[in-house]
Amino acid sequence: MSESDPAKTAPAGWVIGVMLAAGGQPMQRHYYAVGHADRAKAEWTAVDYAVTAGEVAASPIGGDEPVAALRPLTRLRMTTLGLASGEVRELGWRYPRRWLT
């Protein structure tokens, strides 16, 4: 198998950012790691989790979309970071460098 093998490079999950006002704080992006290969399903799943934490933005704020898929995660990357298929992990409001490199 080569480096460009689709099985190794295909998305198995996503890092999703959701604009959220949690606990009386102003709107800011909160990050979620979602173990769904389908981007739309991962985005909606992240929103479903974000709704339980606070108010999700209904429209763009300062040019930023309320929901943004930041980066796909390969199966290998998910395994390295301990994210199972179908799992959702709340990463908080700080930029998740470890998940995006």
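Because the structure is a prediction, the values reported are computed rather than measured. (Residues numbered from 1 in each chain as written. Predicted model: local features only at pLDDT ≥ 70, side-chain atom pairs only at ≥ 80, totals over all residues. Heavy atoms only, no water.)

1. Comments concerning the overall build of the protein chain
Counting its regular elements, the protein chain contains four helices and five strands. Buried positions account for 38% of the 101 residues belonging to the protein chain. For the protein chain, restricting intrachain contacts to residue pairs at least 6 apart in sequence, the fraction spanning at least 24 positions comes to 66%. Surface accessibility of the protein chain: about 6000 Å² in total, with carbon and sulfur atoms responsible for 53%. Here the protein chain holds 11 positive side-chain charges and 10 negative ones, and the gap between their average locations is 8 Å. (Helix = DSSP H or I, 4+ residues; strand = E, 2+ residues; numbered from the N terminus. Buried < 20%, exposed > 50% of the residue type's maximum accessible area, 1.4 Å probe, protein only. Contact = heavy atoms within 4.5 Å. Areas by Shrake-Rupley, 256 points an atom, 1.4 Å probe, with all protein chains shown as cover. Lys, Arg positive; Asp, Glu negative; His and termini not counted. Charge placed at Lys NZ, Arg CZ, Asp CG, Glu CD.)

2. Quick look at the nonpolar core
When a protein is soluble and globular, its nonpolar side chains tend to lie buried together. In terms of nonpolar packing, the biggest core is built from 12 residues, these being Trp14, Ile16, Val18, Leu20, Ala22, Tyr32, Val34, Ala42, Ala46, Ala50, Ala69 and Val88. Residue assignment for this core shows that the elements contributing at least two residues are β1 (13–22), β2 (28–34) and α2 (39–51). It is β1 that provides the largest number of residues to this core, a total of five residues. If sequence neighbours within four positions are ignored, alanine 22 has contacts with His30, Ala53 and Gly54. One finds Ala12, Val15, Ala33 and Leu73 within the second-largest nonpolar core, a separate group that totals nine residues. (Core = buried A, V, L, I, M, F, W, Y, C linked by side-chain atoms within 4.5 Å.)

3. What about the pattern of salt bridges?
The tally for this structure, following the rule as stated, stands at two salt bridges. The partner of arginine 89 in a salt bridge is glutamate 87, and the shortest N-O contact between them spans 3.4 Å. By relative accessible area, glutamate 87 is classed as partly exposed at 28%. (Salt bridge = Lys/Arg side-chain N within 4 Å of Asp/Glu carboxyl O.)

4. A word on the environment of threonine 101
As for its position among the elements, threonine 101 is in the segment after α4 (97–100). For the pair formed by threonine 101 and arginine 71, sequence separation is 30 residues and the distance between their alpha carbons is 9.3 Å. Ignoring sequence-local partners within four residues, the contact set of threonine 101 consists of Arg71 and Arg77.

Honestly, it's all geometry; don't read function into it.
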